[in-house]
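Structural description and commentary
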Amino acid sequence: KKALARVTAKPALGFLFGMLVTCMIQSSTATIVLTVGLVGAGFLTFRQSVGIVLGANVGPAITAQIIRLMDIETSGGSILTFFKPDTLAPIALIAGIILFMFLKKGASKNVGMICLGFGILFIGLNLMTDGVKPLIGTSAFEYFIRFLENPFFGIGFGLVLTVIVQSSSATVGMLQTVATATAAAVAAGEGGTMITFSMAYPVIMGINLGTCVTTAMVCSIGSSKDAKRTGVVHIAFNTIGTILFLVVMLLMEKFNVLGADFWNKAVDSGGIANFQTIFNLVTAIVLIPFSGLLVKLS
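Let me sum up the structure you'll find in this document.

Procedures and definitions
Residues numbered from 1 in each chain as written. Predicted model: local features only at pLDDT ≥ 70, side-chain atom pairs only at ≥ 80, totals over all residues. Heavy atoms only, no water. Helix = DSSP H or I, 4+ residues; strand = E, 2+ residues; numbered from the N terminus. Contact = heavy atoms within 4.5 Å. Areas by Shrake-Rupley, 256 points an atom, 1.4 Å probe, with all protein chains shown as cover. Core = buried A, V, L, I, M, F, W, Y, C linked by side-chain atoms within 4.5 Å. Buried < 20%, exposed > 50% of the residue type's maximum accessible area, 1.4 Å probe, protein only. 1 Å grid on protein atoms, 1.4 Å probe; cavity = no way out; pocket = protein on both sides within 12 Å on 5 of 7 lines; lining within 4 Å. Points joined across faces, edges and corners; volume = space filled by probe spheres on them. Nonpolar A, V, L, I, M, F, W, Y, C, P; charged D, E, K, R; others polar. Salt bridge = Lys/Arg side-chain N within 4 Å of Asp/Glu carboxyl O.

**Notes on the overall build of the protein chain**
Across its full length, the protein chain holds 15 helices and zero strands. Considering only contacts in the protein chain between residues 6 or more positions apart, those separated by 24 or more positions represent 74%. Per element, the accessible surface of the protein chain, about 14,400 Å² overall, is 73% carbon and sulfur.

Have a look at this one:
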């Protein structure tokens, strides 16, 4: 309890702590659920939890930055080849199996589980990329792409998919693989419609809103008043941030602030990772000074 008090003494410290924990366990939803549980058990006060909640929303952006390594184009002798998912996945899995199964220390088992999680994540993304390729150019897939041209449909799609998958990191990874596969197909002259930046950014906002649904369900089941308030802070943070950012993005797109090429060009996994990082960081930086008002709102 004393250790938690030290790392959450100020909202900025709590923010960094929440971001670090989310990077380690690869799930903002899990971090929020843990925080709600700690508040309910009396290990954290409600005010201490606010910074952790804000930081938890930034953590998944790290996963997206790792996934963008799929776009690295290297020759066989380049050192960057090591960082490609095809290479990282088996290395992470082997390291995880050794640490988890053959070393008896608790810390080694935890590190092994982290390595296994990264390895499985990369293998899953590679499988999704291979699975998307036969769909590109089909009428159903083209209809789905046109569906995303409406930003509000994009937000709704990201929200629903995240509720189903229960992981914003995995959902963003799915969007990255689809964007990469469609762009590669168009570049190779195989036809199809590519996912543009104007299609992708509303989906990312919807993904962030989707995590709120799980939070609302967890906080409504047998938790204390302060634990419920912690969940409300998370929902308010994501909702306010999404509304503000969406208004700004729609105005920028309408007045063509960054040029037509920026909004209509194909987006790759790196562009998606960068936008998610900017979206979460800017939202957190803007709202951290108003954490006291979020407490009053909840």
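After that view of the structure, there is still more to cover.
**Overview of the nonpolar core**
Membership of the largest hydrophobic core comes to 32 residues, with the highest contact counts inside it found for I195, Y201, M205, M249, I272 and F275. Contributions of two or more residues to this core are made by α8 (139–147), α10 (168–187), α11 (197–219), α12 (225–254) and α14 (269–287). Ranked by the residues each element gives to this core, the list is headed by α11, at nine residues.

**Some details on the layout of surface pockets**
The computed volume of the second largest pocket comes to approximately 250 Å³. Along its surface, the second largest pocket is lined by 17 residues, and F141, F144, F157, M174 and V178 are the ones closest to its centre. Only α7 (106–132), α8, α9 (151–165), α10 and α11 provide two or more residues apiece to the lining of the second largest pocket. When residues in the lining of the second largest pocket are grouped by element, the largest group, five residues, is from α10. Of the residues that constitute the lining of the second largest pocket, the class distribution is 15 nonpolar, two polar and no charged.

**Some thoughts on empty space enclosed by the protein**
As enumerated under the stated definition, the model contains two cavities of 30 Å³ or more in all. The calculated volume of the largest cavity comes to roughly 50 Å³. Lining the largest cavity are N208, F237, N238, G241, T242, F279, N280 and T283. It is α12 that provides the largest number of residues to the lining of the largest cavity, a total of four residues. Residue composition of the lining of the largest cavity, by class: two nonpolar, six polar and no charged. One number sums up the size of the second largest cavity: a volume of about 40 Å³. Taken together, S28, N57, P60, S168, N208, T211, Q276 and N280 make up the full set of residues lining the second largest cavity. If you list the elements that add at least two residues to the lining of the second largest cavity, you get α11 and α14.

**A short note on the pattern of salt bridges**
Tallied over the entire structure, the rule returns one salt bridge. A salt bridge links D226 to R229, with the shortest nitrogen-to-oxygen separation between them at 3.1 Å. One end of the pair is D226 and the other is R229, both in helix α12 and three residues apart, which spans about a single turn. For D226, a relative accessible area of 31% corresponds to the partly exposed category.

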